[in-house]
Amino acid sequence: MMYNIKTIDYLNRNLHPGPMGAHTTHMEAIMKISARNVIKGKVKKVTPGAVNTEVLMVTDGGTEVVSIITKESADKLKLAEGKDVYAVIKASNVMIAVD
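Quick notes on the rules
Residues numbered from 1 in each chain as written. Predicted model: local features only at pLDDT ≥ 70, side-chain atom pairs only at ≥ 80, totals over all residues. Heavy atoms only, no water. Core = buried A, V, L, I, M, F, W, Y, C linked by side-chain atoms within 4.5 Å. Buried < 20%, exposed > 50% of the residue type's maximum accessible area, 1.4 Å probe, protein only. Helix = DSSP H or I, 4+ residues; strand = E, 2+ residues; numbered from the N terminus. Contact = heavy atoms within 4.5 Å. Pairing = 2+ DSSP bridges. Axes fitted to C-alpha atoms, helices over the stretch in contact; angles between N-to-C directions. Salt bridge = Lys/Arg side-chain N within 4 Å of Asp/Glu carboxyl O.

## A closer look at the nonpolar core
Looking at soluble globular proteins, one finds that nonpolar side chains tend to be buried together.
Point 1. Residues Val-43, Val-55, Met-57, Val-65, Ala-74, Leu-79, Val-85 and Ala-87 constitute the largest nonpolar core, which totals eight residues.
Point 2. Listed by contribution, the elements that provide at least two residues to this core are β2 (52-58) and β4 (84-89).
Point 3. The residues touching Val-65, leaving out its near neighbours within four places in the chain, are Val-55, Leu-56, Met-57 and Ala-87.

In structure tokens, the structure reads:
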């Protein structure tokens, strides 16, 4: 079952009326996930390809996050510019490099 942002906000207010933890998102109030990094933003650009779709989202603070997902997934999510989305980041390794 998929929830739209208005439904998630409504359920979040009614299921969790008190203060929530600093890292708890509306999505996590409905769905439990193992990923620790969930970032809310809006779709800035969707670039469909033959098999995959590139999704550029931007957070309220202006940080851009790019994801490559299957074209089928992008179609199912009905991604379009301005739509509220979450980037769910699950990585076993995070590397840092310098020059």
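There's more to say after this.
## Some words on the side chain of Thr-59
Point 1. Relative to the helices and strands, Thr-59 is located in the loop between β2 and β3 (64-70).
Point 2. Ignoring anything within four residues of it in the chain, the contact list for Thr-59 reads Ile-39, Lys-40 and Gly-41.

## Some details on the pairing of strand β1 (residues 37-48)
The two faces of a sheet get side chains in turn, since along a regular strand they alternate between them.
Point 1. Judged from the six bridges that link them, β1 and β4 form a sheet pairing that is antiparallel. The residue bridging Val-38 from the neighbouring strand is Val-88, located in β4.
Point 2. Of the strand pairs in this sheet, β1 and β2 are connected by six bridges, and their pairing is antiparallel. Residue pairing in the sheet places Lys-42 in a bridge with Val-58 of β2.

## Re the sheet that holds β1
Point 1. Strand order in the open sheet formed by four strands is β3-β2-β1-β4, with antiparallel pairing between adjacent strands. In this open sheet, the two strands that pair with only one neighbour each are β3 and β4. Across the sheet, the mean angle from the axis of one strand to that of its neighbour is 50°, orientation sign disregarded.

## Considering the pattern of salt bridges
Point 1. All told, the structure shown has four salt bridges when counted by the stated rule.
Point 2. The partner of Asp-84 in a salt bridge is Lys-42, with the nearest N and O atoms 2.6 Å apart. In this pair, Asp-84 sits in strand β4 while Lys-42 sits in strand β1, placing the two residues 42 residues apart along the sequence.
Point 3. In this structure Asp-84 comes out as partly exposed when scored by relative accessible area, which is 25%.
Point 4. A salt bridge links Asp-75 to Lys-71; the shortest N-O distance between them is 3.8 Å. Of this pair, Asp-75 and Lys-71 both sit in helix α3 (residues 71-77), four residues apart, roughly one helical turn.
Point 5. Overall, Asp-75 belongs to the partly exposed group, its relative accessible area being 48%.

Function cannot be inferred from these measures alone, as they are strictly geometric.
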